Amino acid sequence: MDVLVVGAGPAGLMAAEVISGAGFFVVVTEAKPSPARKFLMAGKSGLNLTKDEPFEEFLSAYDPLHPYLRSALKEFGPNDVVSWAEGLGQEMFTGSSGRVFPTVMKASPLLRAWLERLSSRGVELRRNWRMTELSETVAFDTSEGEKTIAPRAIVLALGGASWARLGSSGAWTEQVERFVDLAPFAPSNVGLTVDWTPHMERHFGKPVKGVKLTCGRFETRGEFIISKRGLEGSGIYSVSRGFRDGAKLRVDLLPDWSEEKLKKTLIQRKTKETLTKFLKRALRLSPEKIALLMEFAGPQSEDLSAALKGLEIEGAKFRPMDEAISTAGGVRFESLSDHLEALRSPGLFFAGEMLDWDAPTGGYLLTACLASGRLAGRGVIASLA
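Anyway, here's the lowdown on the structure attached to this text. If you're wondering where the values come from, they're calculated on a predicted model, not measured in any experiment.

Glancing now at the nonpolar core. Formed by 82 residues in total, the largest nonpolar core has its most connected members in Y62, L156, F350 and W357. Ranked by residue count, the leading element in this core is helix α14 (residues 364-384), at eleven residues. In contact with W357, not counting residues within four places along its chain, are Y62, L69, T327, A328, F333, G352, L365, A368 and C369. With 38 residues, the next largest nonpolar core counts F224, L249, L254 and L304 among its residues.

Below, the structure is given as structure tokens:
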């Protein structure tokens, strides 16, 4: 064969598409019985492929953004992702938040059309092939025993270190560490564990809407969920990078209120009116916001205004890394060329979540996986040529 792609997720399949489109024979191996399991799981709640917003604003979501990833996204950004999906027969729409989805919302129709296109180009998909050794040849454990392949070029797209049951375990680090430099894995887009007091139980499963979350240099307007185990949802995920860096998580329960307006309102509380009734009447706080205020600031807060505008979530901890939607860490860009080829091992390319980059949910993760797969594929074509 010409090229071996290990890992049949979005990055690996995109690399295979680009390389096979140039006329090369590509084999894609997948350790699981079926391809793109994490991709399909992402589509269960609506496949958010990308984000429709000004390009520089889109790029800011990847802070810090390495120049190689910037180049990949510039060549295959949100508009290109939409055109690519439409080319596979998927009608697309943009939601009110700018998130872009297939009209059918699911991932399976897109994946089926994609696999059919790859098959028509001669790409072979070999399921239940788990890589066991990486050198000049690549060894696999298969249902038919050990198999060895000696391709002209290799693309590794093995995912990060979360959701091991779907194939992303990070177990590949020992096989690649002599070829590239690695950054330690860390959870990203993951919920927080909080040891709640009993009064919070009736709020489990309820959303907290219309808030601003700040954690270090990361800030977002949105919502999150109070769960039995803690806090989760898009608002929490968006600032999780700051929490990972050790910053305090603060919630502005009234982001549309100025401090001056809030202080003027607080002094109007009636003498015999309970704090809960006052917060509900004068500030129109939801029961969930009031519960959080009582949980973390208490009914006798010394500075109620400060607590309402910057409620500090104390005692929270990251949930286990395997529960994270994505992970930071992995192959350092500094050990790769600008086409994601290992500097110490020409002919070996990397793509997708196994690279050391980070981004929030909202279409950023899938866009970067597709873009990096395409960049690695173009690198393979140049190398073979």
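That shown, we press on.
For the rest of this paragraph, the subject is the pairing of strand β8 (residues 138-142). In terms of residue burial, β8 counts as a mostly covered element, since four of its five residues are buried. Inspection of the sheet shows strand β7 (residues 130-134) paired to β8 by four bridges, in the antiparallel sense. The residue bridging E133 from the neighbouring strand is A139, located in β8. Bridge count between β8 and strand β9 (residues 145-149): five bridges; the pairing is antiparallel.

Across the sheet, three strands lie side by side as β3-β5-β4; this open sheet has antiparallel pairing. A single partner strand is all that each edge strand has here, and the edge strands are β3 (50-51) and β4 (92-94). As paired strands, β4 and strand β5 (residues 99-102) are joined by three bridges and run antiparallel to one another. Bridge pairing in β5 places M92 opposite P102.

With respect to the helices, strands and loops of the structure, L158 is situated in the loop between β10 (153-156) and α7 (173-176). You can call L158 buried: its relative accessible area is 19%. Linking L158 and M354, residues 196 residues apart in sequence, is a C-alpha distance of 6.2 Å. When residues no more than four places from it in sequence are discounted, the contact partners of L158 are V6, G7, M131, G167, S168, W172 and M354.

On to the packing of helix α11 (residues 275-282) against helix α12 (residues 287-296). Put simply, α11 and α12 touch, their axes get as near as 10 Å, and they point 140 degrees apart. Between α11 and α12, the crossing angle belongs to the class labelled oblique. Between α11 and α12 lies a crossing whose hand is right-handed. Between α11 and α12, the residues in contact are L275, T276, L279 and K280 and I290, L293 and M294, respectively. Looking at the contact of α11 with α12, its residues break down into five nonpolar, one polar and one charged.

Let us look at the environment of H66. Within the element layout of this structure, H66 appears in the loop between α3 (55-60) and α4 (67-75). Taking C-alpha positions, H66 is 7.8 Å from W357, a pair spaced 291 residues apart along the chain. Side-chain polar atoms of H66 contact the backbone nitrogen of Y68, separated by 3.1 Å.

A few words on the pairing of strand β13 (residues 206-215). As paired elements, β13 and strand β14 (residues 218-226) share eight bridges and run antiparallel to each other. Across the sheet, the residue bridging to K206 is I226, located in β14. Hairpin connection, β13 to β14: the antiparallel pair is bridged by two residues, and G216 has positive phi, about 65 degrees. When β13 meets strand β16 (residues 249-252), the two strands line up antiparallel, connected through four bridges. Across the sheet, residue T214 finds its bridge partner in β16, namely R250.

Here is what the cut-offs are and how they apply
- Residues numbered from 1 in each chain as written.
- Predicted model: local features only at pLDDT ≥ 70, side-chain atom pairs only at ≥ 80, totals over all residues.
- Heavy atoms only, no water.
- Core = buried A, V, L, I, M, F, W, Y, C linked by side-chain atoms within 4.5 Å.
- Buried < 20%, exposed > 50% of the residue type's maximum accessible area, 1.4 Å probe, protein only.
- Helix = DSSP H or I, 4+ residues; strand = E, 2+ residues; numbered from the N terminus.
- Contact = heavy atoms within 4.5 Å.
- Pairing = 2+ DSSP bridges.
- Axes fitted to C-alpha atoms, helices over the stretch in contact; angles between N-to-C directions.
- Parallel < 35°, antiparallel > 145°, perpendicular 65-115°, else oblique.
- Left-handed = near helix turned anticlockwise from the far one by under 90°.
- Nonpolar A, V, L, I, M, F, W, Y, C, P; charged D, E, K, R; others polar.
- Polar contact = N/O pair within 3.5 Å; in protein donor to acceptor, adjacent residues only side chain to side chain.

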